[in-house]
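Chain by chain, the residues run as shown.
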Amino acid sequence: MKTYTHLVAGEPVTIHALETEADVATARDWLKTVQPRSLALDTETSGLDTFRPSHKLRTVQYGTATTAWVVPVERGPAFQDLARTVVTRCPELVIHNAAYDLLVLDRHGIAPLDDVWERVRDTKILAHLRDSRQDFEGGVGVSLKPLSAWFVDPSAPDTQAGLTSVFHAHGLTKATGFARIPYQDETYQKYAGLDVIYTARLRPCLERELEVLSIPPALVDYEHRLMAICARMERTGMLLDVPYTQGLADRLQDQAQEHTLRAARYGVENINSTAQVATALLAMGETLTETTPSGSLKVDKSVLLDAADLDDQWQPRATRRGNPLAHAVLHAKRAAKWRQSYALAMLDNRDAAGRIHPKINTLGAKTGRASVSDPPLQQLPSKGWEIRRSIVAEPGMAYFSVDQSSVELVVLAALSQEPRMCQAIRDGRNLHDFTATLMFGEGFTKHQRDLAKIAGLGTSYQGGAATLAKQTGQPVDLMRDTLSRYARAYPGVKRWARGLQRHALANGCEIRTPSGRRLVLDRDKLYKATAYICQSTARDTMGQALLDLEAKGLTSHLNLWVHDEVLGTAPEREAAEIAAEVAATVRMNLFGVPIGTDAAVYGRTWAGGYGLPDEWAVK
């Protein structure tokens, strides 16, 4: 056994790296003598692709604020049994980013997720509830290193950066280092041990902060339960149609090449060259005014979508003639990105049974909104079947979807208690039609209804006239008039929003959601208070719905949570009934305003609800 000493906040700590089965006996003696009621826990693995057949669990490390034990479970049953003893018998485990480690321990047979999660305290969840801002936003962030440097020891080493340099010394890369670095490497062993020591010390610091900030204990419990539910969804995963996905990768490569060649006709040899694209667009008569921090003309996605006359869902806006170069660059980049981020990523990361396991980060944004990665399925356009067609159900099973109806606007109505809006929702009226009537009269046109919808969503997400004009291609003056009409139609919303900003200013730029979540705003961007509290509250309604579904045993049918939607599978004959039961459970009232739901059965593939052509149906 190798033993290292290190100073943490001026106090000596000890790291024991086990090497032999005799060392296992020593570690067990320590457990019997100390009988710790709480242990920090961490794992080292070959990579983040937990369910890939080649994924390996290398070490399990545990410890207190002063002592850490690094257990090389890759060395055999004796080490695995020690790790299993710790995970299954310790009354409390403290883990940073618990969902990952719990799934790793489950995947590699150390302990089932379902038997462990209730004994876990996740310091990443605690950090997010304290302050969800990243360091560049005025916060500390939610990663272990910056949190440890802030709360525990300013000299806390950056384990990731330190290991990267060691990887290079062994002739390894960042991609291969974790899988192939020798266990005996001193830096590897030290950092494995230090991570649990820092986690153990971080936990009481964060809990004191939550108490000072009056973060409700019920919110802490809620987030841990939600983490476990979503971890089980990740474990379940979704079946991949491998032949279709392989063909999709080839088709996307062809599309990328085709659009790249089209861009070359306009003098753009490199579609990723900002200068080339900007020069060519200017030569075609486009006006470019936005610049990057370095002073170069900006030709990012938003600029190109505007030039191509497409909205943020890539649908034609019909406000001008789209620029063919912008169209070509956009589609070339998207095809290349979709091939790499979706088609190839799904093929590379599928498990031995051909399933993919997208990661659900239940606290993916400052507001608490969840995100999905590997692949980033929440970034798929709301219209489009090509990527979704890769996801299929087992024979005899069908996909279903349940989403909350216009949840952003319902939350806006419920929080503001705007009487006309609340009553319209209670009466079951189509809110966009009702709003258009208030704004433009009974004889409103389809265009005016679209404007009413834009104004509602823009208000709930605080998109000003200039932002909405850019997104829609409409003149700024028209968007300004539209927002003014909306404000007159629903004066209660404007009064509430102003009151919310005043409250934030009087309380250190901080607001609280109905669940007690703390959201911190920039002093010069208090107007974002409405967007933050609406997004966060909408997220919490679906989070509560997941807890309600769990209580009814319905989460066993679920595969994915994307924004205000849950996706699941059920036997074909029961899919409609189960979808209806899920929808009934998700349905709820928020301050007297009903949040409705929509349920749909898609069939053998997720794409069944997205305009899947008959020729691409699952055979």
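You'll find the structure just up there.
These notes cover the structure that comes with them. Every chain is numbered independently, its residues counted from 1 as its sequence is written. The predicted nature of this model means local features are confined to residues of pLDDT at least 70 and side-chain atom pairs, given and counted, to a pLDDT of 80 or more, with totals for whole chains, interfaces and linings taken over all residues. No hydrogens and no water enter the side-chain calculation; it runs on all heavy atoms of the structure.

**Topic: the overall build of the chain**
Secondary structure is summarised from DSSP: a helix means a run of H or I of at least four residues, a strand means a run of E of at least two, and numbering begins at the N terminus for each. Along the backbone of the chain there are 23 helices and 20 strands. We take the radius of gyration over the C-alpha atoms and set the globule estimate at 2.2 Å times the residue count to the 0.38 power. The C-alpha radius of gyration of the chain comes to 26 Å, within 12% of the 25 Å expected for a compact globule of 619 residues. Reported as C-alpha extents along the three principal axes, the dimensions of the chain are approximately 85 × 60 × 55 Å. For every residue, the accessible area (1.4 Å probe, protein chains only) is compared with the maximum for its type, and the residue is labelled buried under 20%, exposed over 50%, or partly exposed between those bounds. For the chain, buried positions account for 54% of its 619 residues. Contact definition: two residues touch when any of their heavy atoms are within 4.5 Å. The contacts of the chain with a sequence gap of at least 6 include a subset with a gap of at least 24, amounting to 67%. Here the open area of atoms and residues is found with the Shrake-Rupley method and a 1.4 Å probe, where only the protein chains shown may cover a residue. In the structure as shown, the chain presents an accessible area of about 26800 Å², 50% of it carried by carbon and sulfur atoms. Charge assignment: positive for Lys and Arg, negative for Asp and Glu; neither His nor the chain ends contribute. In this description, the location of a charge corresponds to atom NZ of lysine, CZ of arginine, CG of aspartate or CD of glutamate. Between the centroid of the 72 positive side chains of the chain and the centroid of its 72 negative side chains there is a distance of 3 Å.

**Examining the nonpolar core**
Tyr-62 and Trp-561 are the most contacted members of the largest nonpolar core, which totals 180 residues. Of all the elements, helix α9 (residues 186-212) adds the most residues to this core, at twelve residues. Nonpolar cores were defined as sets of buried Ala, Val, Leu, Ile, Met, Phe, Trp, Tyr and Cys residues, with membership established by side-chain atoms within 4.5 Å. With 22 residues, the next largest nonpolar core counts Ile-271, Ala-278, Trp-314 and Ala-328 among its residues.

**Section: the pattern of salt bridges**
Here, a salt bridge means any side-chain nitrogen of Lys or Arg that lies within 4 Å of a carboxyl oxygen of Asp or Glu. Across all of its chains, the model carries 33 salt bridges by this definition. Connected through shared salt-bridge partners, Asp-106, Asp-114, Arg-232, Arg-235 and Glu-550 make up one network.

**Quick notes on helix α2 (residues 77-89)**
An α-helical turn contains 3.6 residues, so a residue and the one three or four places further along point in the same direction. For α2, spanning 13 residues, the distance from its first C-alpha to its last is 18 Å, which sits close to the expected 18 Å at 1.5 Å a residue. Taken residue by residue, α2 has Phe-79, Leu-82, Ala-83, Thr-85, Val-86 and Val-87 as its buried positions. In this analysis, the expected span of each helix is defined as 1.5 Å times one less than the number of residues it contains.

**Comments concerning the packing of helix α10 (residues 217-236) against helix α22 (residues 529-551)**
Fitting a line to C-alpha atoms yields each axis, with helices limited to the stretch in contact; the angle taken between N-to-C directions then spans 0 to 180 degrees. Contact geometry of α10 with α22 gives a least axis separation of 10 Å together with a crossing angle of 70°. With respect to each other, α10 and α22 are oriented roughly perpendicular. Seen along the crossing, α10 lies across α22 with a hand that is left-handed. Within the contact between the two elements, α10 uses Tyr-222, Glu-223, Arg-225, Leu-226, Ile-229, Cys-230, Arg-232 and Met-233 and α22 uses Arg-539, Asp-540, Gly-543, Gln-544, Leu-546, Leu-547 and Glu-550. Here the residues of the contact of α10 with α22 are counted per class, giving seven nonpolar, two polar and six charged. Here is the rule for angles: anything less than 35 degrees is roughly parallel, anything more than 145 is roughly antiparallel, 65 through 115 is roughly perpendicular, and the remaining ranges are oblique. Crossing handedness is defined as follows: a turn of the near helix away from the far one that is anticlockwise and smaller than a right angle gives a left-handed crossing, while the clockwise case is right-handed. Put simply, Ala, Val, Leu, Ile, Met, Phe, Trp, Tyr, Cys and Pro go in the nonpolar bin, Asp, Glu, Lys and Arg in the charged bin, and everything else, Gly too, in the polar bin.

**Considering the environment of Pro-216**
Tracing the sequence through the fold places Pro-216 in the loop between α9 and α10. Residue classification places Pro-216 among the partly exposed positions, given a relative accessible area of 26%. Not counting residues within four places of it along the chain, the set of residues in contact with Pro-216 comprises Ser-515 and Gly-516.

**Brief notes about the sheet that holds strand β20 (residues 597-603)**
Two strands make a pair as long as DSSP finds a minimum of two bridges between them. Ordered in space as β16-β17-β13-β20, the four strands form an open sheet in which the pairing is antiparallel. Whereas interior strands pair on both sides, the edge strands pair on one side only; in this sheet they are β16 (558-562) and β20. Each adjacent strand pair in this sheet contributes to an overall mean axis angle of 20°, direction not counted. In this sheet, strand β17 (residues 565-571) lies alongside β16 in antiparallel orientation, the contact comprising four bridges. From the neighbouring strand, Leu-560 faces β17, where its bridge partner is Leu-567.

**Thoughts on the packing of aromatic side chains**
Aromatic ring pairs are reported here in terms of the distance separating the ring centres and the angle at which the planes meet. Only rings of Phe, Tyr and Trp enter the pairing, Trp through its six-membered ring, and a pair is recorded when the two centres are within 6.5 Å. The plane angle decides the type: under 30 degrees is stacked, over 60 is edge-to-face, the rest tilted. Throughout the structure, instances matching the rule amount to nine aromatic pairs. For the pair Tyr-244 and Trp-616, a centre-to-centre distance of 5.6 Å together with 85° between the ring planes defines the contact as edge-to-face. In this pair, Tyr-244 sits in helix α11 (residues 242-264) while Trp-616 sits in the segment after β20, placing the two residues 372 residues apart along the sequence. On the basis of relative accessibility, which here comes to 6%, the residue Tyr-244 falls in the buried class.

**Things to note about the sheet that holds strand β6 (residues 92-95)**
Strands sit in the order β1-β2-β5-β4-β3-β6-β7 across an open sheet of seven strands; the sheet is mixed. Either end of the sheet is taken by a strand with one partner, and the two such strands are β1 (2-8) and β7 (120-122). Averaged over neighbouring strand pairs, the angle between their axes works out to 25° when direction is ignored. Note that strand β3 (residues 38-45) and strand β4 (residues 57-63) share six bridges and pair antiparallel. Within β4, the position partnered with Glu-44 by the bridge is Thr-59.

**Some details on the packing of α22 against helix α23 (residues 575-586)**
Following both chains from N to C, one finds α22 and α23 inclined at 125°, their axes separated by 9 Å at the closest point. Judged by the angle between their axes, α22 and α23 are oblique. Read as a crossing pair, α22 and α23 show a hand that is right-handed. Taken together, the residues of α23 that come into contact with α22 (itself represented by Met-542, Ala-545, Asp-548 and Leu-549) are Val-582, Thr-585 and Val-586.

In short, the description is geometric, and any link to function would need to be established separately.
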